[in-house]
Amino acid sequence: MNVHDSEKVAGVLLARGYAPAPTLAEADLLLYNTCSIREKAAQKVFSRLGEFRQAAPGRTIGVLGCLAQQEGEEIFERAPWVSLVCGSASYRRLPDLVAQVEAGGRRVTGLDLDTEDTFETEITRRDNPIRAYLTIIEGCDYACSYCVVPHTRGPERSRASASVLAEARRLAQAGYTEIQLLGQTVNSYRDPSPAGLDFPSLLRAVAATQGIRRVRFTTSHPNDFSREIVAAIDDTPALCDHIHLPVQSGSPRILQAMRRTYTREDYLERISWIRAARRPISVTTDLIVGFPGETDEDFADTLSLLEAVRFDGVFAFTYSPRPNTTAASLPGAIPEEEKARRLAALLEHQRQIQTVRHQSLVGATLEVLVDAHRPARRQWSGRSTSNRIVNFTSPLENLLGEYVQVSIMRAGPNSLIGEQAI
Ligand code: SAH
Ligand code: SF4
């Protein structure tokens, strides 16, 4: 999502006549997009700002994104060489704010969170030639106790379906065949226009765009996950057979403390809907270990959930206390070493599950959209519709952006290896 925000911001600058600078030292204006989901990302920002000042002295610097929203004008105090601070909920105003900076304005801010706007632009400078990102919903109305997003990205707001579908058509005309729909809770989408499409209907409509062969979406919230989403995937080959459904913890007690609004049973019920589909659908998740008060039993519940679901991929993080969140003041902080131990144990457990799941694909033929070439290894790389990384060899050339049938010969925990089936 941050990558795509940067693409849209670059589009705003192009529309104002800017061109990308070849090096930092040659840049007149530097906009730095930041993340504050965990403390580590936030910490990096001030040291990078110091580096920018050295590499491009006297240049105009703006700080964007979640840390900008979180720290606000405090950024000017800690880094007085910054001229602009703007959170993502104010990006609609970015052309104005940049104009103010160009006119010599100092300490220009866009920090209003009280917004109904979405950030859309006709000109987006797309960095990825294979996969096009498309935002359908911004912000978040949930209030997970550990999470900074509702404080940094503002309230949930969906984009009108006609605007989404028009962008999908433009992407197809520009040659894209894969679209990834984006939102913090992408499946909470509610069309604000009279067309009134719900999320499954929007999925079907985007997938019907002429020229689009693959549609992905991320991130789904379990609370808004419905059977209709599974039915849409079952009926529509262009909807990829992969769902990213963050569970965060397997412990009923911790889920409640996290204020995730679903129970372990609710989550497993959604998994059973997915498993009952005619198409095999891969499932990936996010997990947090070491939430305040997480006992050995709670952690064992998370491991048993891994066994119960057998995910195709897991993004796991150690809990990081964030400003303005209720979890930050909960008792029972877990020591960093213990968090790290749990994270390593979880990842090892998951590695074994993934190895077995991937082994079962040896001998299969998968369709791969090629997105990388490693000439030194004479290898191509891409993704299957279920979002598995497939590395393969081929006697052919110029495969970037092509759909290729690959016979899978070997499997590791994180990728599959094969050769082009000709
Ligand atoms: N909207 C998505 C999550 C976005 S944040 C959802 O609800 O699932 C991406 C991931 O970062 C989260 O799924 C969570 O696993 C992790 N995360 C968020 N806040 C965190 C924190 N304070 N400490 C550690 N991990 C966190
Ligand atoms: Fe954060 Fe929860 Fe909203 Fe996801 S649903 S962005 S974790 S508050």
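Everything here concerns the structure above.
Reference entry: report on the structure contained in this document.

Let us now look at the site of ligand 1. Not every one of the 15 residues close to ligand 1 is listed here, only the nearest: Tyr146, Gln184, Gln248, Asp286 and Ser320. Note that an oxygen atom of ligand 1 is positioned 3.1 Å from one of the side-chain N or O atoms of Arg38. When ligand 1 sits alone it has 540 Å² of accessible area, and the protein chains cover 91% of it. Sorting the residues of the shell around ligand 1 by element identifies strand S11 (282-289) and strand S12 (313-318) as the ones contributing at least two each.

Here a disulfide denotes one covalent bond, and it connects the sulfur atoms of two cysteines. This structure, assessed with the given rule, holds zero disulfides. Left unpaired, Cys86 is separated from the closest cysteine sulfur, that of Cys66, by 11 Å. Cys86 gets classed as buried once you look at its relative accessible area, which sits at 0%.

Let us now look at the pattern of salt bridges. Counted by the stated rule, this structure contains 32 salt bridges. Put simply, Arg125 and Asp127 hold a salt bridge, and the shortest N to O gap is 3.0 Å. According to the relative accessible area criterion, Arg125 is partly exposed, its value standing at 31%. Between Arg342 and Glu338 there is a salt bridge; the shortest N-O distance is 2.8 Å. Of this pair, Arg342 and Glu338 both sit in helix H13 (residues 336-359), four residues apart, roughly one helical turn. Salt bridges sharing partners connect three or more residues here, namely Glu294, Asp296, Glu338, Arg341 and Arg342.

Turning our attention to the side chain of Ser282. Take Ser282: it is sitting in strand S11. Side-chain polar atoms of Ser282 contact the backbone oxygen of Ser386, separated by 3.0 Å.

Here we take up the nonpolar core. Residues Ile136 and Leu181 are the most contacted members of the largest nonpolar core, which totals 54 residues. Each of domain 2 (128-240) and domain 3 (266-360) accounts for three or more of the residues forming this core. Aside from chain neighbours lying at most four places away, what touches Ile136 is Arg157, Ser158, Arg159, Val164, Leu181, Leu182, Val186, Tyr189, Phe199 and Leu202. Formed by 17 residues, the second largest nonpolar core is a distinct cluster that contains Tyr32, Val45, Leu49 and Ala68.

The end-to-end C-alpha distance of H13 is 34 Å, a good match for the 34 Å that 24 residues give at a rise of 1.5 Å each. If you check which residues of H13 are buried, you get Glu338, Lys339, Arg342, Leu343, Leu346, Gln350, Ile353, Gln354 and His358. Packing partners of the buried residues in H13 comprise S11, helix H12 (296-309), S12, strand S16 (403-411) and strand S17 (416-420).

Turning our attention to unusual backbone geometry. Of note, the amide linkage connecting Thr218 to Thr219 takes the cis form, showing an omega dihedral of 5°. Inspection of the secondary structure assignment puts Thr219 in the loop between strand S9 (214-218) and helix H9 (227-235). Phi is positive for Gln248, close to 75°, though the residue is something other than glycine. Here Gln248 falls in the buried class, since its relative accessible area comes to 8%. Even without a glycine there, the phi angle at Asn387 is positive, about 75°.

For the rest of this paragraph, the subject is the sheet that holds S17. The sheet built from five strands closes into a barrel, its strands ordered S13-S14-S15-S17-S16 with mixed pairing. The mean inter-strand angle of the sheet, taken between neighbouring strand axes irrespective of direction, is 50°. Alignment of S16 against S17, held across five bridges, turns out to be antiparallel. Considered in S17, the bridge of Val406 is made with Gln420.

Rules used throughout
Residues numbered from 1 in each chain as written. Chains lettered and ligands numbered in written order. Predicted model: local features only at pLDDT ≥ 70, side-chain atom pairs only at ≥ 80, totals over all residues. Heavy atoms only, no water. Near = heavy atom within 4 Å. Polar contact = N/O pair within 3.5 Å; in protein donor to acceptor, adjacent residues only side chain to side chain. Areas by Shrake-Rupley, 256 points an atom, 1.4 Å probe, with all protein chains shown as cover. Helix = DSSP H or I, 4+ residues; strand = E, 2+ residues; numbered from the N terminus. Disulfide = S-S within 2.5 Å. Buried < 20%, exposed > 50% of the residue type's maximum accessible area, 1.4 Å probe, protein only. Salt bridge = Lys/Arg side-chain N within 4 Å of Asp/Glu carboxyl O. Core = buried A, V, L, I, M, F, W, Y, C linked by side-chain atoms within 4.5 Å. Domains from an automatic or database assignment. Contact = heavy atoms within 4.5 Å. Expected span 1.5 Å × (residues − 1). Pairing = 2+ DSSP bridges. Axes fitted to C-alpha atoms, helices over the stretch in contact; angles between N-to-C directions.

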